Amino acid sequence: MIEVIRGGMLTTVQDLGRRGYQNLGVVAGGAADPFAARMANFLAGNKEDAALLEMAFAGPKLRFVKRSVVAWCGADFTATCDGKPLPKNRPVSLAAGSVLGFGGTKTGAMAWLAVGGGIDVPEVMDSRSTDLTGKFGGFEGRKLAAGDRLAIGQNDSGQSLSRGAASWSLGPERLVAVCGPGVVRVMRGPEWEWFSEGAKETFFQSIFEVTKDGNRMGTRLSGPPLPLAEPREMISAAVDHGVIQVPPSGQPIILGADRQTIGGYPRIGVVATVDLGKLAQFRPGETVRFHEIQTHEAHELLLRRERDFSIARACLTLSL
Amino acid sequence: MEPRITALGDRALIIELADRIGDEAPSRIHQVCSWLSDARLPGVTELVPAATTVTVFYDPVALKETGAPKHDLAGWLSSRLTERLARLPEATALPPGRLIEIPVCYGGDFGPDLDSIATRAKRSPEAVVELHSGGEYVVLQLGFAPGFPYLHGLPEALRFPRLETPRTRVPAGSVAIANRQSCVYPSEIPGGWHVLGRTPLRLFQPDRKPPALLGPGDRVKFRPISPEEFDRWEDAS
């Protein structure tokens, strides 16, 4: 059992999302950085898709009633266990009654906290992710608040590792082939050809600023406008996490994990899956630039990262 | 037109089946969707139909593991989709969508825009009800909110742009029209469609299987009911 002493700004229960219901208009959702969530779960001895806690900007304060194993990944939040620093990227064993406090973060925006056994909330449409707009899934379909009590599940991952304290920390960022701060790799979107020659040039050469208008559904950017070559109405079609839409204002919106299933704005680009985690860490006022890659390059990057992830997992399994 | 396949990033392919809504019967999109779904193509995780497209989501890692060449995962899947589409049976050889009847209590508090639509359509409210409930609709797609159906088949005389100022709250069950379509609000959400009436049916319940009453490709008919019948439905559920 976890007692929530302070909910934090936006702490929600997430897993890897609700798949198979987008044809009914149900948002896929899930952790805003699926890779970090999988890593935290792995370190806590869980299956990769176990439910965990996602926090944003100002974290929660939590009391663990029983002895537990936890692991957290993501931005550099100040994190303490009974007042002492709580190390990141490694399994940590907590004594019964421990209080974890997550404060704010100077860089990045989000972090993921996995608990051995996973957060035990009922599955809704095959997922434990919180649908904040639909108000279902996760913990009562909403963000956590003081006084909430979360059940912890049984560890059924088949890994009988007795995760205790580790003297090492994993560097998950090393497993992500980064291409520089503030740069996101993007493929041309399905409506790329609809944009003016100027817009196409601008898109990959300009710097865009992250505005305050951002949430789990998407982030609005501001920068030089990206007009269409001629006015054109799009017929709504499916969108995805990382799709960059351009509404009539000409200012792009990058869709987040809680994007709607279908969108009606021209899609100028799509962020490579390996860089989705970067989007989760955007802070208002920061700048971003788009670097063009081809689909097959995005696949190579993804396959390489998955291979490195498998190697890291294998090594950790041996060392634990 | 011949289906056109384009990429949506590194995890989805879009199959375009028509240039305009209505060029291809909306039900055809859903027949294509079922046809592809039945094939259980390797690596495919989800199919999302819309008015003129079917978007095929895939897992690149799973694709590679099933033997797709790692330098051309998207091309390989695109070829599998093209092969499958080439064997698509004629529309008439496939079963039509389910027909679902939706009882609607028109006008009054349930349909605050019925009179204004009647005025704009230069008809009586009764004639608007008759028009709206006279034909059959097809669920073009679900989106905007969970279980929110976009219904194709609105008679031309009832086609008007959305409200200039959307309402901040539209009650669940509201049956409404805007532009070329009709819809039913599955839950209480903001909205700018003209509300003609309300159904006592619940279109979306997260814990029901399936959670949405209507699926893409289903056919829908509205049946006018009295306020008394509306209350009886409510009591029964």
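Draft legend 1. Structural detail: the overall build of chain A. Each helix and strand counted, chain A has 4 helices and 20 strands in total. Its C-alpha atoms give chain A a radius of gyration of 20 Å, near enough to 20 Å, the size a compact globule of 320 residues would have. Seen through its principal axes, chain A has C-alpha atoms that stretch 65 × 40 × 35 Å. Going through the 320 residues of chain A one by one, you find that 52% of them count as buried. A fraction of 77% describes how many contacts in chain A between residues 6 or more apart in sequence connect residues 24 or more apart.

Draft legend 2. Highlighting the nonpolar core. Counting residues in each nonpolar core, the largest one holds 157 residues, and the members touching the most others are Ala 40, Leu 52, Trp 112 and Ala 114 of chain A together with Val 56 of chain B. Element by element, the count of residues in this core is highest for helix α1 (residues 34-43) of chain A, at 7 residues. If we ignore the near neighbours within four places in the chain, the residues touching Leu 52 of chain A are Gln 14, Ala 37, Ala 40, Asn 41, Trp 112, Leu 113, Ala 114, Val 115 and Ile 119 of chain A.

Draft legend 3. Examining the domain arrangement of chain B more closely. All names here are of chain B. According to the domain assignment, chain B contains domain 1 (4-93) and domain 2 (99-236). On the side of domain 2, 6 residues touch domain 1, which itself brings 7 residues to the contact. Residue contributions to the side of domain 1 that touches domain 2 peak at 4 residues, all from helix α1 (residues 26-38).

Draft legend 4. How the structure looks around the sheet that holds strand β9 (residues 174-178) of chain B. All names here are of chain B. The mixed closed barrel is built from 7 strands, whose spatial order is β5-β12-β9-β10-β7-β6-β13. Here the strands of the sheet are splayed against their neighbours by 40° on average, with no regard to which way each runs. In this structure, β9 lies alongside strand β10 (residues 181-184), joined through 4 bridges in antiparallel fashion. Residue Ile 177 lies in a different strand from β10, and its bridge partner there is Ser 182. Its contacts with the sheet put helix α5 (residues 125-134) on β5 (99-106), β12 (194-198) and β13 (219-224), and the angle it makes with β13 is roughly 150°.

Draft legend 5. Fine view of the domain arrangement of chain A. Residues and elements named next belong to chain A. As far as domains go, chain A holds domain 1 (2-174) and domain 2 (183-299). Taken over C-alpha atoms, the centre of domain 1 sits 28 Å from the centre of domain 2. A per-element tally of the side of domain 1 that touches domain 2 places α1 first, with 3 residues.

Draft legend 6. Fine view of the environment of Arg 84 of chain B. All names here are of chain B. On the secondary structure map, Arg 84 appears in helix α3 (residues 73-86). Taking the C-beta count within 10 Å as the criterion, Arg 84 has 15 such neighbours and is therefore assigned partly exposed. Sequence separation between Arg 84 and Leu 36 is 48 residues; the distance between their C-alpha atoms is 7.0 Å. Excluding residues that lie within four positions of it along the chain, Arg 84 makes contacts with Leu 36 and Ala 39.

Draft legend 7. Representation of the interface of chain A and chain B within the structure. Each side of the interface is counted separately: chain A has 34 residues, and chain B has 41 residues. When residues of the side of chain A that touches chain B are traced back to their parent elements, those giving at least two are β15 (237-238) and α4 (295-319) of chain A. Counting residues per element, the side of chain A that touches chain B draws most heavily on α4 of chain A, which supplies 7 residues. When the residues that make up the side of chain A that touches chain B are grouped by side-chain class, the tally is 18 nonpolar, 13 polar and 3 charged.

Rules used throughout
Residues numbered from 1 in each chain as written. Chains lettered and ligands numbered in written order. Predicted model: local features only at pLDDT ≥ 70, side-chain atom pairs only at ≥ 80, totals over all residues. Helix = DSSP H or I, 4+ residues; strand = E, 2+ residues; numbered from the N terminus. Rg over C-alpha atoms; globule rule 2.2 N^0.38 Å. Buried ≥ 20, exposed ≤ 12 C-beta atoms within 10 Å, placed from the backbone. Contact = placed C-beta atoms within 7 Å. Core = buried A, V, L, I, M, F, W, Y, C linked by C-beta atoms within 7 Å. Domains from an automatic or database assignment. Pairing = 2+ DSSP bridges. Axes fitted to C-alpha atoms, helices over the stretch in contact; angles between N-to-C directions. Nonpolar A, V, L, I, M, F, W, Y, C, P; charged D, E, K, R; others polar.

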